[in-house]
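# Understanding the architecture of this molecule
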Amino acid sequence: MMNLEQATALREKFYAGTSTVSEERRLLDFLRSESCPPAWQADRAVLETLVALPETGCSSPPLGLETRIAARLAQHAAPRKHHYLLWRRLGAVAGIAATMTALFLGLHFSGGTPPTVYSDTCCTPQQAASETRDMLFYVSEQLNMGVEAEEELGGPCP
């Protein structure tokens, strides 16, 4: 049976495209064994897919990694309709342009600027400083509530 160092060397050789068919079979046997690290399961799936190529009707013989991958991609490749995507993008751009034009013309012909919520709420610089401090405290409290809620929920999902 192969050890992890030998398997690592074969794996590097496989991904470099220089492995032989017998080396690939030995590597696949290791990947299917109990001593295979769980992190290598994706490598196992890649190798099993490539080994299954002749059984799925691929007309070219298994020459090497690049040839087999190209044959697999050619089997499943379908022509894409780029015109459809182009027209959708152009339609989206035209819709955005029409919306922006309508907003601009609406503001321009409505007779002025849009109304604001606040207008001259502070008469002195001290009142302005006090209002600013109060708003900053409010924002800080809201942020702290969010952080506390996140801590109660725990870390992100794996």
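Residues numbered from 1 in each chain as written. Predicted model: local features only at pLDDT ≥ 70, side-chain atom pairs only at ≥ 80, totals over all residues. Heavy atoms only, no water.

## Let's talk about the overall build of the protein chain
- Helix and strand content of the protein chain: six helices and zero strands.
- Reading the protein chain from its N end, one meets helices and strands in the order α-α-α-α-α-α.
- Out of the 158 residues belonging to the protein chain, those deemed buried represent 15%.
- For the protein chain, the proportion of contacts with a sequence separation of at least 24, taken over those separated by at least 6, is 34%.
- When the accessible area of the protein chain is evaluated, it comes to approximately 13000 Å², of which 62% is carbon and sulfur surface. (Helix = DSSP H or I, 4+ residues; strand = E, 2+ residues; numbered from the N terminus. Buried < 20%, exposed > 50% of the residue type's maximum accessible area, 1.4 Å probe, protein only. Contact = heavy atoms within 4.5 Å. Areas by Shrake-Rupley, 256 points an atom, 1.4 Å probe, with all protein chains shown as cover.)

## Here's the deal with the environment of Ala42
- Topologically, Ala42 is positioned in helix H3 (residues 41-51).
- Distance in space between the C-alpha atoms of Ala42 and Leu31 is 9.7 Å, their sequence separation being 11 residues.

## Quick look at the pattern of salt bridges
- Summed over the entire model, instances satisfying the criterion amount to five salt bridges.
- Linking Asp43 and Arg11 is a salt bridge whose minimum nitrogen-to-oxygen distance equals 3.0 Å. Note that Asp43 is positioned in helix H3 and Arg11 in helix H1 (residues 4-16), a separation of 32 residues in sequence.
- With relative accessibility at 9%, the residue Asp43 sits in the buried group.
- Between Arg44 and Glu48 there is a salt bridge whose closest N-O contact spans 3.2 Å. Of the two residues, Arg44 and Glu48 both sit in helix H3, four residues apart, roughly one turn of that helix.
- Shared partners join several salt bridges into a network, and the residues in it are Arg32, Arg44 and Glu48. (Salt bridge = Lys/Arg side-chain N within 4 Å of Asp/Glu carboxyl O.)

## Description of the confidence of the model for the protein chain
- When pLDDT is averaged along the protein chain, the result is 75; 68% of the residues meet or exceed 70.
- Confidence, expressed as mean pLDDT per element, reaches its minimum in the protein chain at helix H4 (residues 65-76) with 65 and its maximum at H1 with 87. (pLDDT = per-residue confidence, 0-100.)

## Focus: a nonpolar patch on the surface
- Judged by side-chain polarity, Met135, Tyr138, Val139 and Leu143 come together as a nonpolar surface patch covering roughly 410 Å² of accessible area.
- Position of Met135 among the secondary structure elements: in helix H6 (residues 125-153). (Patch = residues over 30% accessible without salt bridge, like charges linked within 9 Å, V, L, I, M, F, W, Y side chains within 5 Å.)

## Here's the deal with the packing of H1 against helix H2 (residues 21-32)
- Relative to each other, H1 and H2 sit at 130°, their axes nearing to 10 Å. Taken as axis vectors, H1 and H2 run oblique relative to one another. At the point where H1 passes H2, the crossing takes the left-handed sense. Residue-level inspection shows Leu4, Ala7, Leu10, Arg11, Lys13 and Phe14 of H1 in contact with H2, the latter providing Glu23, Glu24, Arg26, Leu27 and Phe30.
- When the residues that make up the contact of H1 with H2 are grouped by side-chain class, the tally is six nonpolar, no polar and five charged. (Axes fitted to C-alpha atoms, helices over the stretch in contact; angles between N-to-C directions. Parallel < 35°, antiparallel > 145°, perpendicular 65-115°, else oblique. Left-handed = near helix turned anticlockwise from the far one by under 90°. Nonpolar A, V, L, I, M, F, W, Y, C, P; charged D, E, K, R; others polar.)

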